[in-house]
Amino acid sequence: MGNFSLAIQPVESIQAQFNIVTARTVLELNGVACFSLEDIIPEKQQIVCSRSFKKRLSQYHELAEALASFSSRAAEKLRQQQSVAGSISVFIRTNAHNDNEPQYQRSIRMVLHQATSDTREIISIAKKNCCRNI
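Residues numbered from 1 in each chain as written. Predicted model: local features only at pLDDT ≥ 70, side-chain atom pairs only at ≥ 80, totals over all residues. Heavy atoms only, no water.

**Q** How should the pattern of salt bridges be read in this particular structure?
**A** Should the charged atoms of two oppositely charged side chains come close, the side chains can pair. Taken as a whole, this structure holds four salt bridges when the rule is applied. Residues E62 and K55 are paired through a salt bridge, measuring 2.8 Å at the closest nitrogen-oxygen approach. Looking at E62, the relative accessible area reads 17%, which means it is buried. The exposure class of K55 is exposed, given its relative accessible area of 52%. E76 is the partner of R73 in a salt bridge, and the nearest nitrogen-oxygen pair spans 2.9 Å. Residue R73 and its partner E76 are both found in helix α4 (residues 60-80); the two are separated by three residues, about one turn of the helix. For R73, a relative accessible area of 34% puts it in the partly exposed group. Overall, the relative accessible area of 35% leaves E76 in the partly exposed class. (Salt bridge = Lys/Arg side-chain N within 4 Å of Asp/Glu carboxyl O. Buried < 20%, exposed > 50% of the residue type's maximum accessible area, 1.4 Å probe, protein only. Helix = DSSP H or I, 4+ residues; strand = E, 2+ residues; numbered from the N terminus.)

Here it is as structure tokens:
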């Protein structure tokens, strides 16, 4: 078997034998830019919406409002990449840098019966499950 170097092959014959993507790879190997970074960025497998708060959230309505806000932002990101969520994870913890107060940390992961990017569904599922378990 002979030595086959893709970079030195004629672009037209590579395209005829394989496809346009392989032909563009030959051009890229020879310093001709064909692919932009946007062409090769994979979809996110996880979407994270997190935030630290100035003051401690200790009332149910404050936590529920924050959860709804983060859930809404995550659903928006899902729709932007034309994707859906198969599960939701929620993490909550106190300020780890404050040694004078008791520390609290919990998390929960909810597997959805049907994957979705619907804001109302995500908020509803997150609130229902988190308020019972966190």
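**Q** Looking at this model, I keep getting lost on the nonpolar core. Mind explaining?
**A** If you look at soluble globular proteins, the nonpolar side chains tend to sit buried side by side. Ranked by size, the top nonpolar core spans twelve residues in total: L67, A75, L78, A85, I88, V90, I108, M110, L112, I122, A126 and C130. Looking at this core, the elements with two or more residues in it are α4, β1 (85-93), β2 (105-116) and α5 (119-133). (Core = buried A, V, L, I, M, F, W, Y, C linked by side-chain atoms within 4.5 Å.)

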